[in-house]
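One-letter residues, chain by chain:
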Amino acid sequence: MGENESMIYKAGKENLEMVTKITRKTITEIYPKYYANGVVEFFLKHHCEKNINQDIENGLVWLLKENEIPIGTVTLKNNVINRLFVLPEYQGKGYGSQLMDFAEEKIGREYDRVHIDSSLPAKEMYLKRGYKETNTCHIKAEKGAILVYDEMIYVCTTEVQVKGD
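These notes cover the structure that comes with them. Not measured: the values here are computed from a predicted model. (Residues numbered from 1 in each chain as written. Predicted model: local features only at pLDDT ≥ 70, side-chain atom pairs only at ≥ 80, totals over all residues. Heavy atoms only, no water.)

**Side note on the overall build of the chain**
Logical step 1: For the chain, the count of helices and strands is five helices and seven strands.
Logical step 2: Along the chain, from the amino end to the carboxyl end, the secondary structure elements read β-α-α-α-β-β-β-α-β-α-β-β.
Logical step 3: Relative to the compact-globule value of 15 Å for 165 residues, the chain shows a C-alpha radius of gyration of 16 Å, a close match.
Logical step 4: In terms of its C-alpha atoms, the chain occupies a principal-axis envelope of roughly 65 × 35 × 30 Å. (Helix = DSSP H or I, 4+ residues; strand = E, 2+ residues; numbered from the N terminus. Rg over C-alpha atoms; globule rule 2.2 N^0.38 Å.)

As structure tokens, then:
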């Protein structure tokens, strides 16, 4: 076994505080680099503890730990990836891709397409993974700010690899 050990597991009620912390810390530290304050406030309200708790109760939230330290989270609703966050100090180290691999594989078992609403900070990663923009949306946020985001889709591969001579 390697030095670092990653694990993704379904979040339970005991993980509510941690999922909320990962979500809020990522939004408050990363999103102001990309969005107006009113949009950041919109994201914080949208990803509030009540909504996170409801998703945990419905068995939709997953946590990524590295050496027993929770560092990322993703929420999967049918074939939609939501609330994908990696703590700022762990970004750029492949953890977002690890969560995406997990989410795509899990969704691909039942669906032929993955849907995601892309934030500006993550859009480049989604494009590199083969996601395509299907729609650009606008939402009036706090303090007159406007949130612009892209709805994106990824078509799951259904190729069967045959091993043997």
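**Describing the packing of aromatic side chains**
Pairs of aromatic rings are described using the distance from one ring centre to the other and the angle between the two planes.
Logical step 1: This model, assessed by the stated rule, comprises nine aromatic pairs.
Logical step 2: Plain terms: the ring middles of Tyr-35 and Phe-43 are 5.3 Å apart, the flat faces sit at 45° to each other, and that makes the pair tilted. Comparing Tyr-35 with Phe-43 shows no difference in burial state: the two are buried.
Logical step 3: Chaining the aromatic ring pairs together yields one cluster made of Tyr-31, Tyr-35, Phe-42, Phe-43 and Phe-85. (Phe/Tyr/Trp six-rings, centres within 6.5 Å; stacked < 30°, edge-to-face > 60°. Buried < 20%, exposed > 50% of the residue type's maximum accessible area, 1.4 Å probe, protein only.)

**What about unusual backbone geometry?**
Logical step 1: Look at Glu-68: it is not a glycine, yet its phi comes out positive at around 70°.
Logical step 2: Within the secondary structure layout, Glu-68 lies in the loop between strand S2 (61-66) and strand S3 (69-77).
Logical step 3: Of note in the backbone geometry, Arg-83 takes a positive phi value of approximately 40° without being a glycine.
Logical step 4: Structurally, the position occupied by Arg-83 is in strand S4 (residues 80-86).
Logical step 5: Taking the relative accessible area as the measure of exposure, Arg-83 reaches 8% and is therefore buried.

**Examining the sheet that holds strand S7 (residues 146-155)**
Logical step 1: Pairing within the open sheet is mixed, and its seven strands lie in the order S1-S2-S3-S4-S5-S7-S6. Two strands bound the open sheet, and with one partner strand each, they are strand S1 (6-10) and strand S6 (132-140). Taken pair by pair, the neighbouring strands of this sheet meet at an average axis angle of 25°, ignoring direction.
Logical step 2: Bridging between S6 and S7 involves eight bridges; their strand directions are antiparallel. Its bridge partner being in S7, Lys-132 is matched across the sheet by Ile-153.
Logical step 3: Helix H1 (residues 16-30) rests against S2, S3 and S4 of the sheet, and its axis sits at about 90° to S3. (Pairing = 2+ DSSP bridges. Axes fitted to C-alpha atoms, helices over the stretch in contact; angles between N-to-C directions. Contact = heavy atoms within 4.5 Å.)

**Examining the environment of Gly-108**
Logical step 1: Note that Gly-108 resides in helix H4 (residues 95-108).
Logical step 2: Separated by 49 residues in sequence, Gly-108 and Thr-157 have C-alpha atoms that sit 8.0 Å apart.

**Some details on the packing of H1 against helix H3 (residues 49-57)**
Logical step 1: At a minimum axis distance of 10 Å, the contact between H1 and H3 shows a crossing angle of 130°. Judged on the interaxial angle alone, H3 and H1 are oblique. Read as a crossing pair, H1 and H3 show a hand that is right-handed. Packed against H1, whose contacting residues are Leu-16, Val-19, Thr-20 and Thr-23, the element H3 presents Glu-49, Ile-52, Asn-53 and Ile-56 at the interface.
Logical step 2: A breakdown of the residues in the contact of H1 with H3 according to their chemical character gives four nonpolar, three polar and one charged. (Parallel < 35°, antiparallel > 145°, perpendicular 65-115°, else oblique. Left-handed = near helix turned anticlockwise from the far one by under 90°. Nonpolar A, V, L, I, M, F, W, Y, C, P; charged D, E, K, R; others polar.)

**Some words on the side chain of Lys-65**
Logical step 1: Relative to the helices and strands, Lys-65 resides in strand S2.
Logical step 2: Ignoring anything within four residues of it in the chain, the contact list for Lys-65 reads Glu-5, Ser-6, Met-7, Tyr-9 and Pro-70.

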